[in-house]
Amino acid sequence: MLRGMNQQQLAAVVCADGPLRVAAGPGTGKTRVLTARIAHLVEEARVPPQRVLAVTFTNKAARELRERITRLIGPCEADAITMGTFHSLCLAILRQDITRLPEELPYRSGFAVYDEYSSLKLIKKLKMRLEGGSATGAAEQTAEQKKKDDFSAGAVQAIISAAKNDMYDAQRFRLHPPAKLRALGAQKLRLAAAVFEGYQQTLRDENIIDFDDMLLLTETLLRTSERTRRKYAGHWRHLLVDEFQDTNSVQYQLLSLLARDHKNVFVVGDADQAIY
């Protein structure tokens, strides 16, 4: 497991408990260090594998992570480790405890999940209604008309998604829109805010969440329900994150809430490769 590692890599793998950040450039073995750290926790430090949580950003990366760890510690112990994306982690938490959200977020068990296409379809419908048009007309736009539309439903969808990832709900967005969006102008901001409010109200009424809600609602749940936070923070005693440079505000807060008590957070990344 440790063969061929340099002194810094070895130090990261066998470090004591507490927070640790591994910062290194591409091709320097960051993921290898993370998987070796997991193996060290389970095989040497005798941490029960079910107490380990490993998170990354894509399903492909999560599969590769599981394959690497399985080769190191075997399938039985690897299967006991919680590994996946931020979204899969949050979806699993919401499936268990969404009814513990505050009263103003009356989601129920058995909620549905909107994919990007379904989300865009609803946003397009709401935008057309607010602009005095019809959803049918929007669907029949020519390619030239769509090209001329400099504030499309897709642009509104991107704004709403970015706002949620910056931990804005619809009301806060309407009252205090992000400063970086002021260049859009007051009219477009008002339209985006109105669509945002209508979109969220529709999702709540129909007991639906979208991909961004998976993160935002889980952060709200852990922040407002101490009982729920302690349940998950107590279950996972070691948190490990690959490609940490790509965490956004809500993902960072999720990690902070889960690690508040034990502070065993091990992250690897390279700021020069950040997607933001």
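None of the values given here were measured: they were computed from a predicted structure.

Let us look at the UniProt feature "binding site: ATP" (unreviewed entry) in the protein chain. Look at the UniProt record and you will see "binding site: ATP" (unreviewed entry) annotated at Ala24, Gly25, Pro26, Gly27, Thr28, Gly29, Lys30 and Thr31. Relative to the helices and strands, Pro26 is located in the loop between strand S1 (20-23) and helix H2 (30-43). Sequence-distant contacts of Pro26, defined by excluding residues within four places in its chain, comprise Asp270 and Gln273. Along the chain, the position of Thr31 falls in helix H2. Beyond its immediate chain neighbours, meaning those up to four positions away, Thr31 contacts Leu65, Arg68 and Asp242.

Put simply, the largest pocket is a space of about 460 Å³. In this structure, the largest pocket is lined by 23 residues; those nearest its centre are Leu105, Asp169, Ala170, Arg204 and Leu216. Of all the secondary structure elements, the ones that give two or more residues to the lining of the largest pocket are helix H10 (170-175), helix H11 (186-205) and helix H12 (211-224). Per-element accounting of the lining of the largest pocket gives the leading share, seven residues, to H12. Looking at the lining of the largest pocket residue by residue, the classes come out as nine nonpolar, five polar and nine charged. Computed from the structure, the second largest pocket encloses a volume of approximately 290 Å³. Forming the boundary of the second largest pocket are 14 residues, of which Glu116, Gln157, Ser161, Phe211 and Asp212 lie nearest the centre. When residues of the lining of the second largest pocket are traced back to their parent elements, those giving at least two are helix H6 (116-130), helix H9 (153-165) and H12. Counting residues per element, the lining of the second largest pocket draws most heavily on H9, at four residues. Taken together, the residues of the lining of the second largest pocket break down into six nonpolar, four polar and four charged.

The tally for this structure, following the rule as stated, stands at 13 salt bridges. Notably, a salt bridge pairs Asp97 with Arg100, separated by 3.2 Å at the nearest N-O pair. Judged by its relative accessible area of 5%, Asp97 falls in the buried class. Using a relative accessible area of 34% as the deciding quantity, one classes Arg100 as partly exposed. Notably, a salt bridge pairs Glu226 with Arg230, separated by 3.0 Å at the nearest N-O pair. Linking Glu226 with Arg230, this pair stays in helix H13 (residues 226-235), spanning four residues, or about one helical turn. Several salt bridges converge on common partners, so that one network encompasses Glu226, Arg229, Arg230, Arg260 and Asp261.

Attention now goes to empty space enclosed by the protein. The probe, sized like a water molecule, is rolled over the atoms to show the empty space still left. Under the counting rule described, the total for this entry stands at one cavity of 30 Å³ or more. In this structure, the largest cavity encloses a volume near 50 Å³. Lining the largest cavity, in full, are Cys15, Gly18, Leu20, Arg37, Leu41, His238, Leu239, Asn264, Val265 and Phe266. For the lining of the largest cavity, the elements supplying multiple residues, two or more each, are H2, strand S6 (238-241) and strand S7 (265-269). When its residues are assigned to classes, the lining of the largest cavity shows six nonpolar, three polar and one charged.

Our focus in this paragraph is H6. Residues lying three or four places apart along an α-helix face the same way, a consequence of the helix completing one turn every 3.6 residues. An ideal rise of 1.5 Å per residue puts 21 Å on 15 residues; H6 measures up with 21 Å between its terminal C-alpha atoms. Of the residues making up H6, those classed as buried are Ser119, Leu122, Ile123, Leu126, Lys127 and Met128. The N-capping residue of H6, defined by a side-chain oxygen 3.3 Å from the backbone nitrogen of Tyr117, is Asp115.

A separate point is the sheet that holds strand S3 (residues 82-85). Across the sheet, which stays open at both edges, the five strands sit in the order S1-S7-S6-S2-S3 with parallel pairing between neighbours. Both outer strands of the open sheet, S1 and S3, are each paired with one neighbouring strand and no more. Going across the sheet, the axis of each strand differs from the next one's by a mean of 15 degrees, ignoring polarity. Pairing analysis gives three bridges linking S6 to S7, with the strands arranged parallel. Of the residues in S7, the one forming a bridge with Leu240 is Phe266. Those strands touched by helix H3 (residues 59-73) are strand S2 (52-56) and S3, and its axis lies near 155 degrees from that of S3.

The rules behind the values
Residues numbered from 1 in each chain as written. Predicted model: local features only at pLDDT ≥ 70, side-chain atom pairs only at ≥ 80, totals over all residues. Heavy atoms only, no water. UniProt positions renumbered as here; feature names shortened; annotations may be inferred. Helix = DSSP H or I, 4+ residues; strand = E, 2+ residues; numbered from the N terminus. Contact = heavy atoms within 4.5 Å. 1 Å grid on protein atoms, 1.4 Å probe; cavity = no way out; pocket = protein on both sides within 12 Å on 5 of 7 lines; lining within 4 Å. Points joined across faces, edges and corners; volume = space filled by probe spheres on them. Nonpolar A, V, L, I, M, F, W, Y, C, P; charged D, E, K, R; others polar. Salt bridge = Lys/Arg side-chain N within 4 Å of Asp/Glu carboxyl O. Buried < 20%, exposed > 50% of the residue type's maximum accessible area, 1.4 Å probe, protein only. Expected span 1.5 Å × (residues − 1). Polar contact = N/O pair within 3.5 Å; in protein donor to acceptor, adjacent residues only side chain to side chain. Pairing = 2+ DSSP bridges. Axes fitted to C-alpha atoms, helices over the stretch in contact; angles between N-to-C directions.

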